[in-house]
Amino acid sequence: KNWENPEKSPNLAKFTTHSNQINSWVIDCILSAKDNKKQLSRYIKFMKIALQLHSLKNFNSCVSVLGGLESAPISRLKNLKNIPDNMSSKLEKLKEQYSPLNGYRNYRGFGKVQHCIPLLGVYLRDLTLISDGNAKYLDENKTLINFDRMKL
């Protein structure tokens, strides 16, 4: 599992760190606002950014922004109930598209989108499940290689 070792896959580690930084940045920007009105304004701005990232097919960053918007500190803010209904429904639809339920079924339903930044976590999850859930060898003597595992 080279993807789990930052020394063997430094670019993957940087990509993951960047995604986490986006998430933290969203939270920090909203919480650092001086008053409730500013917090609401920033929350709506990040909703629009998430929608734009989705339209640009930057799925990974879109999910990072959504993660910040759905974080515990942000969800506890009481003033976010004043979001316009049209924006709220767009956000709910976007969250549904990236829902991890049923193995990211809705995200996988996007099909083979060309020229995009995919949701990397889905691929890493698949690689982990393939690696952990399928034996490398078909026998106890480790003489028969499980080539079906390579096809997954």
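Residues numbered from 1 in each chain as written. Predicted model: local features only at pLDDT ≥ 70, side-chain atom pairs only at ≥ 80, totals over all residues. Heavy atoms only, no water.

Trainee: I tried to follow helix 3 (residues 59-69) on my own but got confused; where do I start?
Mentor: Residues spaced three or four apart along an α-helix face the same direction, because each turn holds 3.6 residues. Of all eleven residues in helix 3, nine are buried; the element is thus mostly enclosed. Taken together, the buried positions of helix 3 are Phe59, Asn60, Ser61, Cys62, Ser64, Val65, Leu66, Gly68 and Leu69. (Buried < 20%, exposed > 50% of the residue type's maximum accessible area, 1.4 Å probe, protein only. Helix = DSSP H or I, 4+ residues; strand = E, 2+ residues; numbered from the N terminus.)

Trainee: I keep staring at the side chain of Asn79 and nothing clicks. Help me out?
Mentor: Examined against the element boundaries, Asn79 turns out to sit in the loop between helix 4 (72-75) and helix 5 (85-97). Its relative accessible area of 11% is what places Asn79 among the buried residues. Here the side chain of Asn79 touches Asn36 through a polar contact of 2.6 Å, landing on its backbone oxygen. Excluding residues that lie within four positions of it along the chain, Asn79 makes contacts with Asn36, Gln39 and Leu40. (Polar contact = N/O pair within 3.5 Å; in protein donor to acceptor, adjacent residues only side chain to side chain. Contact = heavy atoms within 4.5 Å.)

Trainee: How do you make sense of the packing of aromatic side chains when you look at a structure like this?
Mentor: Remark: the centre distance and the inter-plane angle together describe each pair of aromatic rings, the angle taken between the planes. Within this structure, the stated rule accounts for seven aromatic pairs. Ring centres of Phe59 and Tyr98 lie 6.2 Å apart, and the angle between their planes is 55°; this geometry places the pair in the tilted category. Residue Phe59 is found in helix 3, and its partner Tyr98 is found in the loop between helix 5 and helix 6 (101-108); the two are separated by 39 residues along the sequence. You'll find Phe59 and Tyr98 in the same group, each marked buried. Note on Phe59 and Phe110: the rings are 5.2 Å apart at their centroids and 50° apart in plane angle, and the pair reads as tilted. (Phe/Tyr/Trp six-rings, centres within 6.5 Å; stacked < 30°, edge-to-face > 60°.)

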